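The chain contents come next:
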Amino acid sequence: MYDSHMHTPLCKHATGAPAEYVQAAREAGLLGIVMTDHSPMPAWFDPEVRMELAELPFYHTMLEKLRAESGSFYVGIGLEADYHPGTEYFVRHLRRQYDYDYIIGSVHYIGAWPFDNPHYQSEFEERDLREVYRAYFKLVAEAARTGLFHAIGHLDLPKVMGFRPPQGYADLAEEALEVIAGEGLALDVNTAGWRKKAAEIYPSPELLARAFELKIPVVLGSDAHRPQDVAHRFADAVALLRSVGYREAVVFKAGKPETYALAGADSQ
């Protein structure tokens, strides 16, 4: 397997050198990783949790060196880029500068609200949760239509603090899932949800089942911000994916998906 979602200290809230992530992945029996640190964005956008534009050449040089030293172990170079209406030009500019292996498109803001920031979680208590999720999935659908990303990150991220509409939200995600399928994007199957108050993988089992029906490819990722989180609960993720029908996942190399088998007890 491959872990295709992880960060570096350049984002200002991760620890451990990239070589430590490679070592952790090797020890976990993986065939490779893709580094996807939080991309630069316009200077006014969330600067305290991402690398700066001036640091991007160093990021590339660091990872290219690591890739050269890693032999047959795959080290992909990617980004987790934000979708925020009006900033698409900036991500396009980044893509023109470098041929990334993999770019995750993530929505972390609803308007001016960084909803996954613990400092502002009280906002969930002031808003109608169905409307929060409705607005979020509308932005996800917009992100999928931009053509800027290979996959959508942590699809149902608003549950990160444990806030869910009592009526559920699968119906609110339907349009976004259909757009993701129609645009040929993949989904980041992100085990970090198990480390958060959400206490559940992203996307939820219900959304993963619908994604399988829509033939949306999946990309495994731990969203590791420290080496010990690499491949976090991947066995559980594989078991869940297989339970809803998936038998393969993909890893992106030079912007193209390569499939590999999700081995399970019933695959022999």
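Note that the coordinates shown come from a computational prediction; the quantities given were computed from them, not determined experimentally. (Residues numbered from 1 in each chain as written. Predicted model: local features only at pLDDT ≥ 70, side-chain atom pairs only at ≥ 80, totals over all residues. Heavy atoms only, no water.)

A. Unusual backbone geometry, seen in detail. Of note, the bond from Tyr-202 into Pro-203 is cis; its omega dihedral lies within 30 degrees of zero at -10 degrees. The phi angle at Lys-12 is positive, at roughly 75 degrees, despite the residue not being glycine. By relative accessible area, which is 39% here, Lys-12 ends up partly exposed. The phi angle at Asp-46 is positive, at roughly 50 degrees, despite the residue not being glycine. Inspection of the secondary structure assignment puts Asp-46 in the loop between strand E2 (32-38) and helix H2 (56-69). The buried category is assigned to Asp-46, whose relative accessible area is 13%. (Buried < 20%, exposed > 50% of the residue type's maximum accessible area, 1.4 Å probe, protein only. Helix = DSSP H or I, 4+ residues; strand = E, 2+ residues; numbered from the N terminus.)

B. Region of the structure containing the pattern of salt bridges. Evaluated as defined, the whole model comprises 20 salt bridges. Between Asp-82 and Arg-50 there is a salt bridge, with the nearest N and O atoms lying 3.0 Å from each other. Taken together, the residues span a long stretch of sequence, with Asp-82 in strand E3 (residues 74-82) and Arg-50 in the loop between E2 and H2 at a distance of 32 residues. A relative accessible area of 1% means that Asp-82 is categorised as buried. We note a salt bridge from Asp-236 to Arg-233, for which the minimum N-O separation is 2.8 Å. Judged by relative accessible area, which is 37%, Arg-233 ranks as partly exposed. One salt-bridge network, in which partners are shared between bridges, spans Asp-156, Lys-159, Arg-164 and Glu-200. (Salt bridge = Lys/Arg side-chain N within 4 Å of Asp/Glu carboxyl O.)

C. Here's a closer look at the packing of helix H1 (residues 18-27) against H2. Between H1 and H2, the shortest axis-to-axis distance is 10 Å and the interhelical angle comes to 35 degrees. Once H1 is placed against H2, the crossing between them reads as right-handed. Here H1 contributes Pro-18, Ala-19 and Val-22 to the contact with H2, which in turn contributes Met-62, Leu-63 and Leu-66. Within the contact of H1 with H2, the residues separate by chemical class into six nonpolar, no polar and no charged. (Axes fitted to C-alpha atoms, helices over the stretch in contact; angles between N-to-C directions. Left-handed = near helix turned anticlockwise from the far one by under 90°. Contact = heavy atoms within 4.5 Å. Nonpolar A, V, L, I, M, F, W, Y, C, P; charged D, E, K, R; others polar.)

D. Highlighting the sheet that holds strand E1 (residues 2-3). Ordered in space as E1-E2-E3-E4-E5-E6-E7, the seven strands form an open sheet in which the pairing is parallel. Of all the strands in the sheet, just E1 and strand E7 (218-221) have a single pairing partner and so form its edges. The sheet contact formed by E2 and E3 spans seven bridges and is parallel. By the bridge assignment for E3, Asp-37 is matched with Leu-79. Taken strand by strand, H2 contacts E2 and E3, and its axis lies near 155 degrees from that of E3. Sheet contacts for helix H8 (residues 234-243): E1, strand E6 (186-190) and E7; angle to E7, the most-contacted strand, approximately 160 degrees. (Pairing = 2+ DSSP bridges.)

E. Spatial organisation of the UniProt feature "domain: PHP" (unreviewed entry) in the chain. The sites that UniProt annotates as "domain: PHP" (unreviewed entry) are residues 3-192. Secondary structure content for residues 3-192 is 36% helix and 15% strand, and the end C-alpha separation is 12 Å. (UniProt positions renumbered as here; feature names shortened; annotations may be inferred.)

F. Just the pairing of strand E8 (residues 248-253), in detail. Bridge analysis of E8 against strand E9 (residues 256-261) gives six bridges, and the strand direction is antiparallel. Each residue of the ladder has a partner; that of Glu-248, found in E9, is Ala-261. Hairpin connection of E8 to E9: two residues between the antiparallel strands, including Ala-254 at a positive phi of 55 degrees.

G. The nonpolar core, seen in detail. Counting 98 residues, the largest nonpolar core has Tyr-59, Phe-137, Ile-152, Leu-155, Ile-180, Leu-220 and Val-230 as its most contacted members. Ranked by residues supplied to this core, first place goes to helix H5 (residues 129-145) with ten residues. Not counting residues up to four positions away in its chain, the partners in contact with Ile-152 are Ile-104, Gly-105, Val-140, Ala-143, Ala-144, Ile-180, Leu-185, Ala-186, Leu-187 and Asp-188. (Core = buried A, V, L, I, M, F, W, Y, C linked by side-chain atoms within 4.5 Å.)

H. The arrangement of helix H3 (residues 88-97) in detail. Buried residues of H3: Glu-88, Phe-90, Val-91 and Leu-94, and no others. All buried residues of H3 fall inside an arc of 160 degrees around its axis, so they share one side. (Arc of directions from axis to C-beta.)

I. Summary view of the environment of Arg-195. Looking at the secondary structure, you find Arg-195 in the loop between E6 and helix H7 (205-213). Exposure remark for Arg-195: the relative accessible area of 27% places this residue in the partly exposed category. Measuring from C-alpha to C-alpha, the distance between Arg-195 and Val-160 comes to 9.5 Å, with 35 residues separating the pair along the chain. If sequence neighbours within four positions are ignored, Arg-195 has contacts with Ser-222, Asp-223, Ala-224, Asp-229 and His-232. At 3.2 Å, the side chain of Arg-195 forms a polar contact with the backbone oxygen of Asp-223. (Polar contact = N/O pair within 3.5 Å; in protein donor to acceptor, adjacent residues only side chain to side chain.)

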